[in-house]
Amino acid sequence: MTFKDFNFDAQLFEGVQSMGYLKPTPIQEQAIPIILDNKDLIACAQTGTGKTASYLLPLLQQISKTDKVFTKALVLAPTRELAQQIDQQVEGLAYFAGISSIAVYGGGDGMIYEQQRRAMADGVDIIIATPGRLIAHLSSGVIKLEHVQYLVLDEADRMLDMGFYDDLIRIINFLPANRQTLLFSATMPSKIRKLANTILKNPEQINIALSQPAIGILQQVYMTFDHQKIKLITGLLKSGDFKSVLIFASRKETVKELNKTLRREGVNAEAFHSDLEQEQRETLLRQFKSRQLPVIIGTDVLSRGIDVEGISLIINFDVPPDPEDYIHRIGRTARAETTGTAITFVNERDQKKFSFIESLIGREIERIPLPAELGEGPVYQPELKRKSPFKKRKQPWPKKASA
Ligand code: AMP
């Protein structure tokens, strides 16, 4: 199948070519015809599959046929980073079709709020918003959503995890009942099914090979005690084999601490977390994209939606709190059919969590012995009952650390 088979308008096709997409990804092959057929859709697909273009392309095709005065499509996304990246894809794909969009997200100063407000009041074709900020604008009564024909919920599971359920329902109440609704989610827990039953009408369903990391990713693991991790990571970073590196840690305190330590060791790294101002985050991402900054350390906020080509190495400084987050983290490398390496550090307490990841992806991840000078790491015994830091909880996973 090729993009020609969708019979997109010439300007949209030009946009696809200018983005360098050669052929549709599996989710695009399946979702685009359904959306063009005006059906509601529930799609289980993770970031890295090309899911964003799978809904943007048919929406842009439909919107290009309508008049241009009102907002016709609303895309809701959990974080400002994801909202911005969706907006960038709209800009690229719709460049020749002349369709307008705006990303609306929280943070920033009053001027940004005012800019968002004015752009929406002037009438923009597509609004891409985080729920909280959109509610703030809706309450001010300036934006009108009564002509919205398409609603997309992107990373719906993450939006619910972040407590946006009531906001989503409030926003949806502003939309016409007669609309097309598309729900994308990396996972399908029952609360997502419940939401889907409430807001979708006879949806088609697509399931893109649940939670499998891209095949181009070389996955490796070190069994290591905490005191060995710093030497191990500095050795890897200084080996010079990796040009662009993302390091993940579950807690922002660990991110800050690790950043300080690595900088003391002479590594050119920066920390990315929720305490930074939006502008600081954007600057970091820009520097990272342009390769001025070779190493970024972040919490799982960074794993959602960061869209950078050519990340060569992902390091999980600890095991992520949720096995699905592992897929998200390592999905930042090997984007769209390239290759990359993902290395996970597993201490004795994280072994059980790590064993859940291996069952989720259905195979064993390659064990790499520690460099001899670091001594022996812990023996892998995930079944061993250890004193758990999450002892008081019933579920095997701790609640997500604050990002
Ligand atoms: P997503 O899953 O939407 O986050 O997309 C992952 C990455 O793949 C983004 O950088 C997209 O620009 C890129 N992408 C989307 N569709 C294609 C395609 N058909 N061919 C190549 N790259 C694509």
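Residues numbered from 1 in each chain as written. Predicted model: local features only at pLDDT ≥ 70, side-chain atom pairs only at ≥ 80, totals over all residues. Heavy atoms only, no water.

A. Molecular detail of helix α5 (residues 110–122). Along its 13 residues, α5 runs 18 Å from first to last C-alpha, staying within 8% of the 18 Å computed at 1.5 Å per residue. With its phi angle positive at about 95°, Gly123 sits one or two positions after the end of α5. (Helix = DSSP H or I, 4+ residues; strand = E, 2+ residues; numbered from the N terminus. Expected span 1.5 Å × (residues − 1).)

B. Layout of the packing of helix α3 (residues 51–63) against helix α4 (residues 80–93). Running from N to C, α3 and α4 point in directions that differ by 45°, and their axes come no closer than 11 Å. Classed by the angle they form, the pair α3 and α4 counts as oblique. Relative to α4, the crossing made by α3 is right-handed. Contacts between α3 and α4 pair Thr52, Ala53, Tyr55, Leu56, Leu57 and Leu60 from the former with Ile86, Gln89, Val90 and Leu93 from the latter. Along the lines of polarity and charge, the residues of the contact of α3 with α4 split into eight nonpolar, two polar and no charged. (Axes fitted to C-alpha atoms, helices over the stretch in contact; angles between N-to-C directions. Parallel < 35°, antiparallel > 145°, perpendicular 65-115°, else oblique. Left-handed = near helix turned anticlockwise from the far one by under 90°. Contact = heavy atoms within 4.5 Å. Nonpolar A, V, L, I, M, F, W, Y, C, P; charged D, E, K, R; others polar.)

C. Expanded view of the sheet that holds strand β1 (residues 41–44). Strand order in the open sheet made by the seven strands is β3-β4-β2-β5-β6-β1-β7, with parallel pairing throughout. Since the sheet does not close on itself, it has two edges, and those belong to β3 (101–104) and β7 (204–207), each with one partner. Here the strands of the sheet are splayed against their neighbours by 10° on average, with no regard to which way each runs. Bridge count for strand β5 (residues 150–153) against strand β6 (residues 180–185) is four bridges, and the pairing is parallel. Its bridge partner lying in β6, Leu151 is registered against Thr181. (Pairing = 2+ DSSP bridges.)

D. Expanded view of the packing of aromatic side chains. A complete count under the given rule lists eight aromatic pairs for this structure. Seen from their ring centres, Phe354 and Tyr380 are 6.2 Å apart, and the 80° between their planes marks the pair as edge-to-face. Placement of the pair is Phe354 in helix α14 (residues 351–361) and Tyr380 in the segment after β14 (366–367), with a sequence separation of 26 residues. Using a relative accessible area of 0% as the deciding quantity, one classes Phe354 as buried. One aromatic cluster is present, formed by Phe3, Phe6, Phe8 and Tyr21 through successive ring pairs. (Phe/Tyr/Trp six-rings, centres within 6.5 Å; stacked < 30°, edge-to-face > 60°. Buried < 20%, exposed > 50% of the residue type's maximum accessible area, 1.4 Å probe, protein only.)

E. Geometry of the pattern of salt bridges. Applying the stated criterion to the full structure yields 18 salt bridges. Its salt-bridge partner being Glu114, residue Arg117 comes within 2.8 Å of it at the nearest N-O pair. Of this pair, Arg117 and Glu114 are both found in helix α5, three residues apart, which corresponds to roughly one turn of the helix. By relative accessible area, Arg117 is classed as partly exposed at 24%. (Salt bridge = Lys/Arg side-chain N within 4 Å of Asp/Glu carboxyl O.)

F. A look at the nonpolar core. Of all hydrophobic cores here, the largest spans 40 residues; its most connected members are Leu41, Tyr55, Leu57, Leu60 and Ile126. In terms of residue count, α3 provides more of this core than any other element does, seven residues in total. With residues near it in sequence (within four places) discarded, Leu41 still touches Ala31, Ile34, Ile35, Thr181, Leu182, Leu183, Phe184, Leu200, Pro203, Glu204, Gln205 and Ile206. Met120, Phe164, Leu168 and Leu195 belong to the second largest nonpolar core, which has 31 residues in total. (Core = buried A, V, L, I, M, F, W, Y, C linked by side-chain atoms within 4.5 Å.)

G. Region of interest: the confidence of the model for the chain. Per-chain confidence: the chain averages 86 in pLDDT, with 89% of residues scoring 70 or above. Looking at the elements of the chain, mean pLDDT is at its lowest for helix α13 (residues 323–330), recorded as 80, and at its highest for β5, recorded as 98. Confidence drops under a pLDDT of 50 for residues 388–403, and excluding neighbours within four residues, the segment shows 27 contacts in the predicted structure. (pLDDT = per-residue confidence, 0-100.)

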